[in-house]
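# Reading the structure
Spelled out, the chains give:
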Amino acid sequence: MMTSKPNTVAPNVDTNGKDFSFDRIEGFDEHIALSVPAYKDIQRAVRGIVSYFLDQQGSVVYDLGCSTGETLRRLAERFGADHHYVGFDISQNLLPARSEPPITYHCQDITQPGIFMTGRVNVIISLFTLQFLSIEARPKVLKAAYDALKPNGALIVTEKVYLPMGLFQEIFTFSHYDMKAEHFTHDQILEKQFVLRQIMKPLSEAENLQMFYAAGFTKVETFYQNLNFKGWLCVK
Ligand SMILES: C[S@@+](CC[C@H](N)C(=O)[O-])C[C@H]1O[C@@H](n2cnc3c(N)ncnc32)[C@H](O)[C@@H]1O
């Protein structure tokens, strides 16, 4: 456990939340690892899952909302430069300054049409990104992801979810705050909560599953759950 509580919650965010931008979260990778339960386990699981969907060489892996590119860098370290790793993110200042083979970064709004290749991608990863898109945009992005994948390609999604039963929603929400309080001050936790409520719109698991099936995926399985955080593997 850390001995001090770093000021990484949302620096430069005014308390009205109007100024929030991912661009201004300092220490982003540390911040997300301290905020999402068992985040490193998710990363480990993603690498394991990806290994089942790569060809011997020339595979393509997309990361939607790749932030600093950490997920892709770890994948490139593990699976090597015979594959292509492509990250998309709308936040210029989070993305690495330049692409470096085998990783290419695109500063791109993924809700825009026509940005993915069709039928050529082995794996698409979306870790805690859909929840920041408008609810109307999500089905279109998922359909574009489905179309981008090769047959038998995989979509790996994690999201924060609302639980259908109030009892569990309450227990899991406050258990998450307890977890965060080991690293952040109570003010930081509340300020972040205030900011996020304006830009992050989680759905229930049922609503997410409905969108995966509507996009065309017929094989879907949970690979991760910790409190309100959930991950699914969807196979084309
Ligand atoms: C919670 S972060 C995801 C973190 C990253 N996937 C990870 O696991 O470390 C959400 C990311 O989605 C990006 N994002 C939000 N809306 C986007 C959009 N319309 N197009 C592309 N990226 C977007 C944000 O800039 C941010 O980097």
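Residues numbered from 1 in each chain as written. Predicted model: local features only at pLDDT ≥ 70, side-chain atom pairs only at ≥ 80, totals over all residues.

Attention now goes to the site of the ligand. Residues in contact with the ligand amount to 20 residues; listed here are only the nearest, G65, S67, I90, S91 and L127. Of all the secondary structure elements, the ones that give two or more residues to the shell around the ligand are α3 (70–79) and β2 (84–89). Of the residues contributing to the shell around the ligand, the split by class is 11 nonpolar, 6 polar and 3 charged. (Near = placed C-beta within 6 Å. Helix = DSSP H or I, 4+ residues; strand = E, 2+ residues; numbered from the N terminus. Nonpolar A, V, L, I, M, F, W, Y, C, P; charged D, E, K, R; others polar.)

Below, the discussion takes up helix α7 (residues 205–215). Each full turn of the α-helix corresponds to 3.6 residues, which orients residues three or four apart in the same direction. What α7 keeps buried is the set N208, M211, F212 and A215. The buried side chains of α7 occupy one side of the element, clustering within an arc of 100 degrees when seen end-on. Opposite the buried face of α7, by more than 90 degrees, sit the exposed residues A206 and A214. Of the surrounding elements, those touching the buried residues of α7 are α4 (137–148), β5 (149–162), β6 (203–204), β7 (219–226) and β8 (229–235). Positive backbone phi, at 125 degrees, marks G216, one or two positions downstream of α7. (Buried ≥ 20, exposed ≤ 12 C-beta atoms within 10 Å, placed from the backbone. Arc of directions from axis to C-beta. Contact = placed C-beta atoms within 7 Å.)

Let us now look at the nonpolar core. Formed by 47 residues in total, the largest nonpolar core has its most connected members in Y62, V123, I124, I125, A145 and L155. The contact partners of I124, leaving out residues within four places of it in the chain, are Y62, L64, A145, A148, L149 and L155. (Core = buried A, V, L, I, M, F, W, Y, C linked by C-beta atoms within 7 Å.)

Right, let's talk about the pairing of β2 for a bit. Among the 6 residues in β2, 5 count as buried, and that is most of the element. In this structure, strand β1 (residues 60–64) lies alongside β2, joined through 5 bridges in parallel fashion. Residue pairing across strands places L64 opposite F88, the latter belonging to β2. Each parallel crossover has a hand, and the one from β1 via α3 to β2 is right-handed. Taken together, the 5 bridges between β2 and strand β3 (residues 103–107) define a ladder with parallel strand orientation. Bridged to D89 within β3 is C107. (Pairing = 2+ DSSP bridges. Right-handed = clockwise from strand over helix to strand, strands pointing away.)

The subject of this paragraph is unusual backbone geometry. For the peptide bond that leads from P101 to P102, omega is 5 degrees, which places it in the cis range. Turning to its location among the elements, P102 is positioned in the loop between β2 and β3. For F128, which is not glycine, the phi torsion reads 60 degrees and is therefore positive. With respect to the helices and strands, F128 occurs in the loop between β4 (121–127) and α4. Note on F128: 21 C-beta atoms within 10 Å, which makes it buried. One non-glycine residue, L227, adopts positive backbone phi at about 55 degrees.

Turning next to the environment of E136. Tracing the sequence through the fold places E136 in the loop between β4 and α4. Classification of E136 by C-beta neighbours within 10 Å gives exposed; the count is 8. The sequence separation of E136 and T111 amounts to 25 residues, and the corresponding C-alpha distance is 9.8 Å.

Among the 5 residues of β1, 5 are classified as buried, and the element is accordingly described as predominantly covered. Side chains V60, Y62 and L64 project from β1 onto one buried face, and the interleaved V61 and D63 project onto a second face that is buried too. In the sheet, β1 pairs with β4 via 3 bridges, with the strands oriented parallel. In the sheet register, D63 faces β4, and the bridge partner there is I125.

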